[in-house]
Amino acid sequence: MLSATELRFSTRQGGDLPAWVSNRPQRLQIWALTDAKSVTLRLGSESVLVRVRERSSLFVGEISGFEPSVGAEFQGMRVGDLIVFNEAHIFAASP
């Protein structure tokens, strides 16, 4: 299993709003992060798309894609790989 911390994924600073909140021109809908079904993590300028599988003090998810890269692999990570991460690694989420 991959680790976002060990791979040095980007993290948000405490108190920072994720871009998906601060850049929304429309009305913001509030829902619990624990309801998220998919999230976006960042590694440099690459977005790593992840389907959430488990939640506890850490999250476990399955990599479902990469943006802007096209393909099933990015820097040794592959679509389908499991990754463990925490809330600070999440830059976007959707229910």
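This write-up is about the structure you can find in this document. Keep in mind the model is a prediction, meaning the values are calculated, not measured.

1. A closer look at the overall build of the chain
Thinking step 1. Helix and strand counts for the chain stand at one helix and eight strands.
Thinking step 2. Each helix (α) and strand (β) of the chain, taken in turn from the N terminus, gives the series β-α-β-β-β-β-β-β-β.
Thinking step 3. Per-residue burial for the chain yields a buried fraction of 33% across its 95 residues.
Thinking step 4. Considering only residue pairs separated by 6 or more positions, the chain has 54% of its internal contacts joining residues 24 or more positions apart.
Thinking step 5. Total accessible area on the chain stands at roughly 6,000 Å², and carbon and sulfur atoms take up 48% of it.

2. Side note on the nonpolar core
Thinking step 1. Residues Val39, Leu41 and Phe85 are the most contacted members of the largest nonpolar core, which totals 18 residues.
Thinking step 2. Among the secondary structure elements, those contributing two or more residues to this core are strand E2 (38-43), strand E3 (46-55), strand E4 (59-67) and strand E7 (82-85).
Thinking step 3. Those residues in contact with leucine 41 that sit more than four places away from it in its chain are Phe9, Glu46, Ser47, Val48, Val50, Ile83, Phe85, His89 and Ile90.

3. A short note on the pattern of salt bridges
Think of it this way: side chains of opposite charge can pair up when their charged atoms draw near.
Thinking step 1. According to the stated counting rule, one finds three salt bridges in the structure shown.
Thinking step 2. Glutamate 62 is paired through a salt bridge with arginine 51; the nearest N and O atoms lie 3.5 Å apart. With a gap of eleven residues between them, glutamate 62 in strand E4 and arginine 51 in strand E3 connect regions that are remote in the sequence.
Thinking step 3. On the accessibility criterion, glutamate 62 (18% relative accessible area) is buried.
Thinking step 4. A salt bridge links glutamate 62 to arginine 53, with the shortest nitrogen-to-oxygen separation between them at 3.0 Å.

Conventions and cut-offs
Residues numbered from 1 in each chain as written. Predicted model: local features only at pLDDT ≥ 70, side-chain atom pairs only at ≥ 80, totals over all residues. Heavy atoms only, no water. Helix = DSSP H or I, 4+ residues; strand = E, 2+ residues; numbered from the N terminus. Buried < 20%, exposed > 50% of the residue type's maximum accessible area, 1.4 Å probe, protein only. Contact = heavy atoms within 4.5 Å. Areas by Shrake-Rupley, 256 points an atom, 1.4 Å probe, with all protein chains shown as cover. Core = buried A, V, L, I, M, F, W, Y, C linked by side-chain atoms within 4.5 Å. Salt bridge = Lys/Arg side-chain N within 4 Å of Asp/Glu carboxyl O.

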